[in-house]
Structures are given as C-alpha cells and as structure tokens.
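Chain and residue survey
Single-letter residue listing:
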Amino acid sequence: MSDVDFRFGSKLFVDNNRYARGFNRSGDFTIGESHLLTSFGTTMQGLATGLLEPQSDTEHHFQQVCQAKADPETPLERVWLKYQRLANGKPKIYTLHDSNVSVDLNSPIDDD
C-alpha cells in the first residue's frame, strides 16, 4: 500500500488540548510522525469519525484500521493509532513513591 492516494488535509492538523506546543515538540512523536499528523491529520480524523467518505483503496483500508477490522500497514495508519492511544489514554504520571513499600511511622528507627 502506498500513501500517494491519501488526501492531504484541508488545513494543518493541530491538537491544542493535548499537544499545545505541537506534535514535534511533545517528545511523543518523531519528526516524520509529527509531519504526517500535521499534513494528513484532518483527513485521518474525518475518515476515522465518518465525516469523510473514502475516495481510494488506501483511505478505505485506513477506515477499516480505525474500526479495528484490519491491521495497520502504512505509516499513516500506525501514527494515527499511536496518536489516538496517546491523546485518549490516561497520561502517565511518575512519582517517587512506591506503592509496594509500606512504612510504619510508629515503629522505632534502628540506628545500626
């Protein structure tokens, strides 16, 4: 499959809620992935939500991938699934607390 018969977006795709500084500055996407999202994102979003009808076999396959009826084969399909997973998923928060370690604050401290 080739990305040649996939339509460019009618405008640049941005997600100001999750990626206010841009896809390329987020650290989640490579330069190539951020370029694909920016250039083709509005078309991918329209196809994924059903607002746009597919005009080629590549776009039809993209819709099938979005509906989990086919496996991703192109970079566009893979980056869209990655974007959906990151944008709609729960953000990871790293702390210095380990929930597996319990501390009894009432026990005496051993100074060995």
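Residues numbered from 1 in each chain as written. Predicted model: local features only at pLDDT ≥ 70, side-chain atom pairs only at ≥ 80, totals over all residues. Heavy atoms only, no water.

To continue, consider the pattern of salt bridges. With the rule as written, the count across this model stands at two salt bridges. For Glu59, the salt bridge goes to Arg7, with nearest N and O atoms at 2.9 Å. Taken together, the residues span a long stretch of sequence, with Glu59 in helix H2 (residues 57-66) and Arg7 in the segment before helix H1 (31-49) at a distance of 52 residues. Glu59 sits in the buried class, given a relative accessible area of 0%. Glu33 is paired through a salt bridge with Lys82; the nearest N and O atoms lie 2.8 Å apart. Pair noted here: Glu33 is in helix H1 and Lys82 is in helix H3 (residues 75-88), with a separation of 49 residues, a long-range link. (Salt bridge = Lys/Arg side-chain N within 4 Å of Asp/Glu carboxyl O. Helix = DSSP H or I, 4+ residues; strand = E, 2+ residues; numbered from the N terminus. Buried < 20%, exposed > 50% of the residue type's maximum accessible area, 1.4 Å probe, protein only.)

This part covers the environment of His60. Mapping His60 onto the fold places it in helix H2. Between the C-alpha atoms of His60 and Leu47, which are 13 residues apart in sequence, the distance is 8.5 Å.

All right, on to H2 then. Burial within H2 is extensive, with seven of its ten residues counted as buried. Just downstream of H2 lies Ala68, where phi reads positive at about 60 degrees.

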